Amino acid sequence: MKAPNTRSDKDFPSHLLPRTAFYGRTFEEYKRMFNLNIEELKNLRILDCPSGPSSFVSESYRKKINVVGCDPMYRYKLNYLLKTGLEDIEMLLEKVASYSDKYNWNFYKSLPHLKKFRELALNRFSKDFVPGIKAGRYHIASLPFLPFKDNTFDITFSANLLFLYDNLYDLDFHLTSILELTRVTSKEIRIFPIQGSDFAISRIFLPIVHLLVRHNLACRIENVEHHFQTGANKMMLITKDYN
Ligand SMILES: C[S@@+](CC[C@H](N)C(=O)[O-])C[C@H]1O[C@@H](n2cnc3c(N)ncnc32)[C@H](O)[C@@H]1O
C-alpha cells in the first residue's frame, strides 16, 4: 500500500495526505451528491466517512436522522480544525478560480456563492463538533481501518476522498478501504465522485469494480443531481450480493 507523505505536523497519521483538503459540504449538497430522500433516511443508521468539516452530521442530527461521522482530523482541537478549514477553503477556491471553465456554474452561481456554502458547512460543523464528539456523533478514524463493529451501519456515504485523490491513494488503499466500509455497513455504500484528480473517471475505478465483484459485491453507477466539476455527476453504489 502506498504510504503518502504527512503534513508538516509530525503527529499526523502517516497515511494521511498532505493535500487532502479539510473542506466540507452542507446537507443540501449531500442530498444532491447521493440522490437522498430524507424520509427514507429517517430509520437508518448512517455513516459519513470521511465527514471532514461537512455539516451533514450536524444538520442530520437536527432533522432527527441518525448519522455518525468519522475523520482522522477529529484528533485535533476545534480551533485548529477551524483554522485549517478556513485555510483550505481559500486554497481550494483559488484552485477552482484558476480552472473555472472546468466547472458547471448552474448550482453555485459564482465563487462567492461557492464560498458561502463552504463557510456555512464549516460554521455548522464547528458549532456541533464539541458536543457531538461527546455524544458520539463524531469519531476519530482513518481508512483503511475503522473502529466500528461489523454491520454497525445500514448505509455509508463517502464523498470527496476515494477516487478523487487517486494520485495520492493507490489501488490497494482503495480496495482495503472499500472492503472495510462493507464490513461496517450492512446494506449499501455510496461513493461520490468516481472522477479522479485529473477530472476524468478515475483510472482505478474499473479495476476496483472487478475486484469488488470478486468479493461478491454488486456495483452500479447512478447519475446524481450534483454536477459541479465537469463530468463528475455520478456516484458508485455497492451492495452485498449473496446470490
Ligand atoms: C474533501 S474532505 C471531504 C469531506 C466530506 N465528505 C465532504 O464531501 O464535504 C476529505 C476528508 O478526507 C479526510 N481524510 C484524509 N485521509 C483520510 C483517511 N485515510 N481516512 C479517512 N478520511 C481521510 C480528510 O481529513 C478530509 O476531512
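Criteria and cut-off values
Residues numbered from 1 in each chain as written. Predicted model: local features only at pLDDT ≥ 70, side-chain atom pairs only at ≥ 80, totals over all residues. Helix = DSSP H or I, 4+ residues; strand = E, 2+ residues; numbered from the N terminus. Buried ≥ 20, exposed ≤ 12 C-beta atoms within 10 Å, placed from the backbone. Contact = placed C-beta atoms within 7 Å. Core = buried A, V, L, I, M, F, W, Y, C linked by C-beta atoms within 7 Å. pLDDT = per-residue confidence, 0-100. Near = placed C-beta within 6 Å. Nonpolar A, V, L, I, M, F, W, Y, C, P; charged D, E, K, R; others polar. Pairing = 2+ DSSP bridges. Right-handed = clockwise from strand over helix to strand, strands pointing away. Axes fitted to C-alpha atoms, helices over the stretch in contact; angles between N-to-C directions.

Details of the overall build of the protein
Inference 1: Counting secondary structure elements, the protein contains seven helices and seven strands.
Inference 2: On the principal axes, the C-alpha backbone points of the protein span a range of 50 × 40 × 40 Å.
Inference 3: Each of the 243 residues in the protein was classed as buried or not, and the buried ones make up 40%.
Inference 4: Here the contacts in the protein between residues at least 6 apart in sequence split such that 74% fall between residues at least 24 apart.

Quick look at the nonpolar core
Inference 1: Grouped together as the largest cluster of nonpolar side chains are 53 residues, with contacts concentrated most on Y30, F34, I46 and I191.
Inference 2: Not counting the four nearest positions on each side in its chain, F34 is found in contact with F157, R190, F192, V224 and M235.

Things to note about the confidence of the model for the protein
Inference 1: Across the protein, the average pLDDT comes to 91, with 91% of residues at or above 70.
Inference 2: Predicted confidence for residues 2-17 stays below pLDDT 50, and this span has 21 contacts to residues more than four positions away or in other chains.

Focus: the site of the ligand
Inference 1: Around the ligand lies a shell of 20 residues, among which P50, G52, S54, L143 and A159 are the nearest.
Inference 2: Tallied by class, the residues present in the shell around the ligand amount to ten nonpolar, eight polar and two charged.

Things to note about the pairing of strand β5 (residues 185-192)
Inference 1: With six bridges joining them, strand β4 (residues 153-159) and β5 adopt parallel strand pairing. For A159, the partnering residue across the bridge sits in β5 and is F192.
Inference 2: A crossover links β4 with its parallel partner β5, the connecting element being helix α6 (residues 171-184), and its sense is right-handed.
Inference 3: Direction of pairing for β5 relative to strand β7 (residues 234-240): antiparallel, over a ladder of four bridges. Pairing of I189 across the sheet is with I238, part of β7.

Quick word on the sheet that holds strand β3 (residues 138-140)
Inference 1: If you trace the seven strands from one edge of the open sheet to the other, you get β3-β2-β1-β4-β5-β7-β6, paired in mixed fashion. Each edge of the open sheet carries a strand with a single partner, namely β3 and β6 (217-223). The mean inter-strand angle of the sheet, taken between neighbouring strand axes irrespective of direction, is 20 degrees.
Inference 2: Each of β1 (45-48), β4, β5, β6 and β7 is contacted by α6, which is oriented at about 140 degrees to β5, the strand it contacts most.

Here we look at the pairing of β4
Inference 1: Of all seven residues that make up β4, six are buried, and the element is covered over most of its length.
Inference 2: Across three bridges, the pairing between β1 and β4 is parallel. Across the sheet, D48 pairs through a bridge with F157, a residue of β4.

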